[in-house]
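Below are the chains, spelled out letter by letter.
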Amino acid sequence: MVLKAAVIGVGMMGRNHARVYAQMEHATLVAAADLDTAALEPIARTYKINVYTDYIQMLEAEKPDLVSIAVPTRLHREVALAVMQRGIHVFLEKPISASVEEGQEIVDCAKKEGVKLAVGHIERFNPAIIELKRLLDAGQLGRIFQIHARRVGPFPPRVEDVGVVIDLATHELNLLEYLTGSQVESVYAEIEREIHATHEDLLTGILKFKDGTVGILDINWLTPTKIRELSLIGERGMFSVNYLTQDLYFYENDYLNGHWEGLAIMGVSEGRRIRHNIKRKEPLVAELESFVQAVADDTEPQIGGEEALRAVLLAQRLLESGRKREVVWV
Ligand SMILES: NC(=O)c1ccc[n+]([C@@H]2O[C@H](COP(=O)([O-])OP(=O)(O)OC[C@H]3O[C@@H](n4cnc5c(N)ncnc54)[C@H](O)[C@@H]3O)[C@@H](O)[C@H]2O)c1
């Protein structure tokens, strides 16, 4: 069966959803909606589909099986509810919402309507992250001591509705709990607004996980080059991931290879650098294929509403910590 897919909001992100659905085997792109006719025009021309400036009209006329929503975050609740109340499955871009309260309404509505709700935590479909998780679960790092995420770059002027904590830190908050398999129990944040008109644009955060792992978040919209990196140190060495190039390296702690036996030296020493071979894939393709599969098979999406909501809750705790300048317990 080929499912009918539509996209609401074909700006920077949504136009990529349209491209991916148009090339999919088990779904086909039937329509798109956006308030901006200039955004719709190339979509209509490229994919020869109907386009609408009113998304409600699109839902009524096209009756899609599933919809990707990629409108600005402040509109997620309103648009997601309207789609789900028509019995249509939703893929909602991340973050699920700007606040926990709105996110909860979205989660509750999906349950009430009995529709699938997937949220776009795209890095979970990054092949380097998938391989890293496999290696961590296999015990390659041993106990994790510290996990350090760096997500910095220039300010995207189109993001007006939320700050960098809700917009970007939510990626890492979801990933760090997933990778450690442990929950954040407390947070401390230094948060600044340097150039953004209304919201914070710099976060330096410290997380403490229930299993003792320390997390560091270095996230901002103030860096003139885009950097997306993650490193984890643990008993057996260090993993380093570049999200953008999908590179994964392991720096071995040579001490564990026994070369130092007999010497009165304890601890850590520099060993081999191992580059893991990653089969690269566009994360958005993997993510939307996984969603379409969940709809077709009637199974739970890989990253659902509850998990996405947890990332927003942690982001709000960071904001609270930044305001109070004290440690906040989750
Ligand atoms: N997963 C990721 O890595 C990632 C990356 C970028 C953006 N996003 C998310 O995607 C969402 C959109 O971000 P973007 O960067 O594409 O923004 P954007 O401003 O480029 O695009 C948003 C589009 O929504 C349209 N729109 C606004 N109100 C609408 C309405 N009522 N009906 C129909 N269309 C409407 C706008 O005209 C615009 O074309 C945000 O929630 C953002 O957080 C996720």
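What counts, and where the lines are drawn
- Note on numbering: residues in each chain are counted from 1, in written sequence order.
- In keeping with the model being predicted, local features are shown solely for residues with a pLDDT of at least 70 and side-chain atom pairs are shown and tallied solely at 80 or more, while totals for entire chains, interfaces and linings include all residues.
- Each residue gets a C-beta atom placed from its backbone. Should that atom fall within 6 Å of a molecule or strand, the residue is termed near it.
- Basically, the charged four are Asp, Glu, Lys and Arg, the nonpolar ten are Ala, Val, Leu, Ile, Met, Phe, Trp, Tyr, Cys and Pro, and anything else, Gly included, counts as polar.
- For helices, the fitted line uses only the C-alpha atoms of the stretch in contact; every axis is such a line through C-alpha atoms, and the angle between N-to-C directions lies from 0 to 180 degrees.
- Helix numbers and strand numbers start at the N terminus; a helix is a DSSP run of H or I with at least 4 residues, a strand a run of E with at least 2.
- Roughly parallel means an angle under 35 degrees; roughly antiparallel means over 145; roughly perpendicular covers 65 to 115; every other angle is labelled oblique.
- The contact criterion used here is simple: two residues whose C-beta atoms, placed from the backbone, lie within 7 Å are in contact.
- Any two strands are treated as partners once DSSP identifies two or more bridges connecting them.
- Multiply 1.5 Å by the residue count of a helix minus one, and that product is the helix's expected span.
- What fixes the domain bounds is an automatic or database domain assignment.

Novice: Hey, could you run me through the site of the ligand in this one?
Specialist: In the vicinity of the ligand lie 24 residues, with Gly9, Gly11, Met12, Met13 and Glu93 positioned nearest. Here the residues of the shell around the ligand are counted per class, giving 13 nonpolar, 5 polar and 6 charged.

Novice: I tried to follow the packing of helix H4 (residues 76–84) against helix H5 (residues 100–113) on my own but got confused; where do I start?
Specialist: To describe two helices that pack against each other, one gives the angle between their axes and the distance between the axes. Put simply, H4 and H5 touch, their axes get as near as 10 Å, and they point 5 degrees apart. What the angle tells us is that H4 and H5 run roughly parallel. Here His76, Arg77, Ala80, Leu81 and Met84 of H4 lie close against H5, whose contacting residues are Glu102, Glu105, Ile106, Cys109, Ala110 and Glu113.

Novice: What should I look at first to understand the environment of Ile96 in this one?
Specialist: Relative to the elements of secondary structure, Ile96 occurs in the loop between strand S5 (89–93) and H5. Not counting chain neighbours up to four residues away, the residues in contact with Ile96 comprise His76, Gly103, Ile106, Val119, Gly305, Ala308, Leu309 and Val312.

Novice: Teacher, can you tell me more about the sheet that holds strand S6 (residues 117–120) here?
Specialist: Note on sheets: strands pair through backbone hydrogen bonds, and any given pair is parallel or antiparallel. Sheet architecture is open: 6 strands sit in the order S3-S2-S1-S4-S5-S6, paired in parallel fashion. Pairing within the sheet leaves two strands with one partner each, and these edge strands are strand S3 (50–52) and S6. Direction aside, the axes of adjacent strands within the sheet are offset by 25 degrees on average. Bridge analysis of strand S4 (residues 66–69) against S5 gives 4 bridges, and the strand direction is parallel. Note that in S5 the partner of Val67 across the bridge is Val90.

Novice: Even after reading the chapter, I still don't get helix H9 (residues 305–324), so can you show me in this structure?
Specialist: The first and last C-alpha atoms of H9 sit 29 Å apart over 20 residues, in line with the 28 Å expected at 1.5 Å per residue. The positive-phi residue at the C-terminal boundary of H9 is Arg325, with phi of around 55 degrees.

Novice: Honestly, the sheet that holds strand S7 (residues 144–154) in this entry has me stumped. Any pointers?
Specialist: The mixed open sheet is built from 9 strands, whose spatial order is S14-S13-S12-S11-S7-S10-S9-S8-S15. This sheet does not close on itself; its edge strands, each paired only once, are strand S14 (270–276) and strand S15 (328–329). One ladder, built from 7 bridges, connects strand S9 (residues 202–209) with strand S10 (residues 214–220); its direction is antiparallel. Within S10, the residue paired with Lys208 across the bridge is Val214. Along the sheet face, helix H7 (residues 164–180) touches S7, strand S8 (184–192), S9 and S10 and points at about 155 degrees away from the line of S7.

Novice: I tried to follow the environment of Ala33 on my own but got confused; where do I start?
Specialist: Within the element layout of this structure, Ala33 appears in strand S2 (residues 27–33). Note: C-alpha distance between Ala33 and Ala6 (27 residues apart in sequence) is 8.0 Å. Those residues within four positions of Ala33 in sequence are excluded, and the remaining contacts are Ile8, Val51, Tyr52, Thr53, Asp54, Tyr55 and Met58.

Novice: Can you walk me through the pairing of S9 in this structure?
Specialist: Put simply, side chains in a regular strand alternate between the two faces of the sheet. In this sheet, S9 lies alongside S8 in antiparallel orientation, the contact comprising 8 bridges. The residue of S9 that forms the bridge with Glu190 is Thr204. Between S9 and S10, which pair antiparallel one after the other, the connecting turn spans 4 residues, and Gly212 there sits at a positive phi close to 100 degrees.

Novice: I keep staring at the domain arrangement of the protein and nothing clicks. Help me out?
Specialist: Accessible area lost upon the coming together of the parts serves often as the stated size of an interface. Under the domain assignment used here, the protein contains domain 1 (3–123 + 284–303) and domain 2 (124–278 + 313–329). Here the C-alpha centroids of domain 1 and domain 2 sit 29 Å apart. In this assembly, 17 residues from domain 1 lie in contact with 15 residues from domain 2. In terms of residue count, the dominant contributor to the side of domain 1 that touches domain 2 is helix H8 (residues 283–297) (3 residues). When its residues are assigned to classes, the side of domain 1 that touches domain 2 shows 8 nonpolar, 5 polar and 4 charged.

Novice: Whenever I open this one, the pairing of strand S12 (residues 237–242) confuses me. Can you help?
Specialist: Sheet topology places strand S11 (residues 222–234) next to S12; 6 bridges connect them, and they run antiparallel. Bridge assignment links Glu229 to a residue of S12, and that residue is Asn242. Between S11 and the antiparallel strand that follows it, S12, lie 2 residues. Here S12 pairs with strand S13 (residues 247–253) via 6 bridges, running antiparallel. Residue pairing for S13: Phe239 is matched across the bridge by Phe250.

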